[in-house]
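# Residue-level structure breakdown
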Amino acid sequence: MSNQIKIDKLEISKLYSEELNIFLKENKDKEFFKWFLASILFGARISETIAKNTYKTFERYELLSPEKILKAGWDFLINPIMREGGYVRYDGKASTQILRNCETLIEEYKGSLKKLHKQAKNSKDLENKLTDFYGIGPITMNIFLRELRPFWEKANPEPLPIIRKVARKYKIDLSKYDRKSLTFVRVEVGLLRLRRHCSMVV
């Protein structure tokens, strides 16, 4: 496969949010929270498949708002949510994190991620506000903000090191793209998927 064909394919890569039928371009809090929840799952020490299955389990039980998740409680998150999602380890930790993050979102931002974005002074402050949430580190923060770049003014995280490494391997110049464009985000996601074919560690 030529490098040009690979670039063309990367530029139309399907976003993770799109795979989960989360519509970030609608600019609605309910869609942002869905992606926040999915990002927490993607950022955990589980496979992408289990993360997607677990998100879909939340969806199946109609637990896609911080209020509904808190009402469901820890035991319900453990079983059936985590169990049906495919968790065999870390289910208690993940359930605790999600509940605590829902509490923080409601207490600090009245349940609104749009409010969180509005209150952030700049991109760095936005990143700091997210990593202030329990259990959210740089990777989860990056997952969440990456696909919000075209839609949130202050969302502009640095591409992950693994993305830059894969780009170098395939001789793809990331600097030629507008980092706030949807095309750039698609390229990032495509490169992330290509990491499986590279003999490198994240």
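A volume near 320 Å³ is recorded for the largest pocket. The wall of the largest pocket is formed by 17 residues, among which Phe42, Glu48, Ile143, Leu192 and Arg195 lie closest to the centre. Per-element accounting of the lining of the largest pocket gives the leading share, three residues, to helix H9 (residues 138-146). Per-class residue counts for the lining of the largest pocket are 12 nonpolar, two polar and three charged. Space inside the second largest pocket adds up to approximately 240 Å³. Lining of the second largest pocket is provided by 14 residues; of these, Gly43, Ala44, Arg45, Lys93 and Gln97 occupy positions nearest its centre. Residue assignment for the lining of the second largest pocket shows that the elements contributing at least two residues are helix H3 (29-42) and helix H6 (91-109). Split into classes, the residues belonging to the lining of the second largest pocket amount to eight nonpolar, four polar and two charged.

The interhelical angle for the contact between H3 and helix H4 (residues 48-60), taken along N-to-C directions, is 145 degrees, at an axis separation of 9 Å. Note on packing geometry: the crossing formed by H3 with H4 is right-handed. Taken together, the residues of H4 that come into contact with H3 (itself represented by Lys34, Leu37, Ala38, Leu41 and Phe42) are Glu48, Ala51, Lys52, Thr54, Tyr55 and Phe58. Partitioning the contact of H3 with H4 into residue classes produces seven nonpolar, one polar and three charged.

Another point: the pattern of salt bridges. This structure, assessed with the given rule, holds 10 salt bridges. Of the charged contacts in the structure, one is a salt bridge between arginine 186 and glutamate 18, with a shortest N-O distance of 2.8 Å. Within this pair, whereas arginine 186 is found in helix H11 (residues 182-194), its partner glutamate 18 is found in helix H2 (residues 16-19), the two being separated by 168 residues in sequence. For arginine 186, a relative accessible area of 16% puts it in the buried group. A salt bridge links glutamate 84 to arginine 60; its shortest N-O distance comes to 3.0 Å.

Residues Ile162, Ile163, Val166 and Ala167 constitute the buried set of helix H10 (residues 161-169). Around the axis of H10, the buried residues are gathered within 140 degrees of arc, so they sit on the same side. Projecting away from the buried face of H10 at angles above 90 degrees are the exposed residues Pro161 and Arg168. Among the structural elements, H9 and H11 are those in contact with the buried residues of H10. Looking one or two residues past H10, lysine 171 carries a phi angle of roughly 55 degrees, positive in sign.

Right, let's talk about the environment of aspartate 125 for a bit. Positionally, aspartate 125 belongs in helix H8 (residues 123-131). The exposure class of aspartate 125 is buried, given its relative accessible area of 17%. For the pair aspartate 125 and lysine 154, spaced 29 residues apart in sequence, the C-alpha to C-alpha distance is 8.8 Å. In contact with aspartate 125, not counting residues within four places along its chain, are Gln119 and Ala120. Within polar-contact distance, the side chain of aspartate 125 engages the backbone nitrogen of lysine 121 at 2.9 Å.

To continue, consider the packing of aromatic side chains. Tallied over the entire structure, the rule returns 10 aromatic pairs. Ring geometry for tryptophan 35 and phenylalanine 42: centres 6.2 Å apart, planes at 55 degrees, overall tilted. Using a relative accessible area of 15% as the deciding quantity, one classes phenylalanine 42 as buried. An angle of 20 degrees between the planes, with centres 6.4 Å apart, marks the rings of tyrosine 109 and phenylalanine 133 as stacked. Here tyrosine 109, found in helix H6, pairs with phenylalanine 133, found in the loop between H8 and H9; they are 24 residues apart in sequence, far enough to count as distant. Of the residues examined, phenylalanine 133 reaches a relative accessible area of 2% and is grouped as buried. A connected cluster of aromatic rings, assembled from ring pairs, spans Phe32, Phe33, Phe36, Tyr109, Phe133, Phe144 and Trp152. The ring of tyrosine 134 has arginine 100 sitting right over it, with the charged end atom 3.8 Å from the ring centre. Taking the ring centre of tyrosine 16 as reference, the NZ or CZ of arginine 193 above it sits at 4.6 Å.

Procedures and definitions
- Residues numbered from 1 in each chain as written.
- Predicted model: local features only at pLDDT ≥ 70, side-chain atom pairs only at ≥ 80, totals over all residues.
- Heavy atoms only, no water.
- 1 Å grid on protein atoms, 1.4 Å probe; cavity = no way out; pocket = protein on both sides within 12 Å on 5 of 7 lines; lining within 4 Å.
- Points joined across faces, edges and corners; volume = space filled by probe spheres on them.
- Helix = DSSP H or I, 4+ residues; strand = E, 2+ residues; numbered from the N terminus.
- Nonpolar A, V, L, I, M, F, W, Y, C, P; charged D, E, K, R; others polar.
- Axes fitted to C-alpha atoms, helices over the stretch in contact; angles between N-to-C directions.
- Left-handed = near helix turned anticlockwise from the far one by under 90°.
- Contact = heavy atoms within 4.5 Å.
- Salt bridge = Lys/Arg side-chain N within 4 Å of Asp/Glu carboxyl O.
- Buried < 20%, exposed > 50% of the residue type's maximum accessible area, 1.4 Å probe, protein only.
- Arc of directions from axis to C-beta.
- Polar contact = N/O pair within 3.5 Å; in protein donor to acceptor, adjacent residues only side chain to side chain.
- Phe/Tyr/Trp six-rings, centres within 6.5 Å; stacked < 30°, edge-to-face > 60°.
- Lys NZ or Arg CZ within 6 Å of the ring centre and 35° of its normal.

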